[in-house]
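Descriptive analysis of the structure
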Amino acid sequence: MAVDPAARVFVLAGLAAAAGGSWEVVSGAPIVESTRGIKSAHEIEIMRFANEVTLQAYEAAFTTLSRV
């Protein structure tokens, strides 16, 4: 199983344990790095939406905290 090289260690350990030796857990860097920079228009739209939602959440949290 190829895993994103940015995955946390506990993810790799958990996958390896779950595989019980039936799978080899390896770095997915060649796959991930070759596709990470290629985005369709729809994927870019989703990323922009996610960024906007994140900013709105930060603004709401800041507003709430500034009242305390």
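Residues numbered from 1 in each chain as written. Predicted model: local features only at pLDDT ≥ 70, side-chain atom pairs only at ≥ 80, totals over all residues. Heavy atoms only, no water.

**Comments concerning the overall build of the protein**
Under the convention used in this document: The way it works is that DSSP assigns letters per residue, a run of H or I at least four long becomes a helix, a run of E at least two long becomes a strand, and they are numbered from the N terminus. Using C-alpha atoms as the atom set, the radius of gyration is obtained and then compared with a globule rule of 2.2 Å times the number of residues to the power 0.38. Only protein chains enter the calculation, and the probe is 1.4 Å; a residue is then buried if its accessible area is under 20% of its type maximum, exposed if over 50%, and partly exposed in between. Here the open area of atoms and residues is found with the Shrake-Rupley method and a 1.4 Å probe, where only the protein chains shown may cover a residue. Only four residue types enter the charge count: Lys and Arg as positive, Asp and Glu as negative, with His and the chain ends excluded. In this description, the location of a charge corresponds to atom NZ of lysine, CZ of arginine, CG of aspartate or CD of glutamate.
Looking only at helices and strands, the protein has three helices and two strands in total. Ordered by position in the sequence, the α and β elements of the protein form the string β-α-β-α-α. Rg of the C-alpha trace for the protein: 18 Å, well past the compact-globule value of 11 Å for 68 residues, more than 25% over. Taking the principal axes of its C-alpha atoms as reference, the protein extends roughly 55 × 35 × 15 Å. In the protein, buried positions account for 7% of the 68 residues. Accessible surface, the protein: about 5,700 Å² in total, of which carbon and sulfur atoms supply 65%. For the protein, the centre of its 5 positive side-chain charges and the centre of its 7 negative side-chain charges are spaced 6 Å apart.

**Let's talk about the environment of G37**
Along the chain, G37 turns up in the loop between α2 (29-35) and α3 (41-67). Under the relative-accessibility criterion, G37 is labelled exposed at 71%. Along the sequence, G37 and E52 sit 15 residues apart, while their C-alpha atoms lie 20 Å from each other.

**A few points about the confidence of the model for the protein**
Stated formally: pLDDT is a residue-level measure of predictor confidence that goes from 0 to 100.
This prediction gives the protein a mean pLDDT of 87; 99% of its residues lie at or above 70. At the level of individual helices and strands, the protein shows its lowest average pLDDT in α2, which scores 84, and its highest in α3, which scores 92.

**Here's the deal with the environment of V3**
As a reminder of what qualifies: Any pair of residues with heavy atoms lying within 4.5 Å of one another is described as a contacting pair.
Here V3 lies in strand β1 (residues 2-3). Along the backbone, V3 and P30 are 27 residues apart, and their C-alpha atoms lie at a distance of 10 Å. Setting aside chain neighbours within four positions, we find V3 in contact with L12, L15, V25, V26, S27, G28 and A29.

**Considerations on the environment of R48**
Residue placement: R48 occurs in helix α3. Each C-alpha atom of the pair R48 and S66 lies 27 Å from the other, and the pair is 18 residues apart in sequence.

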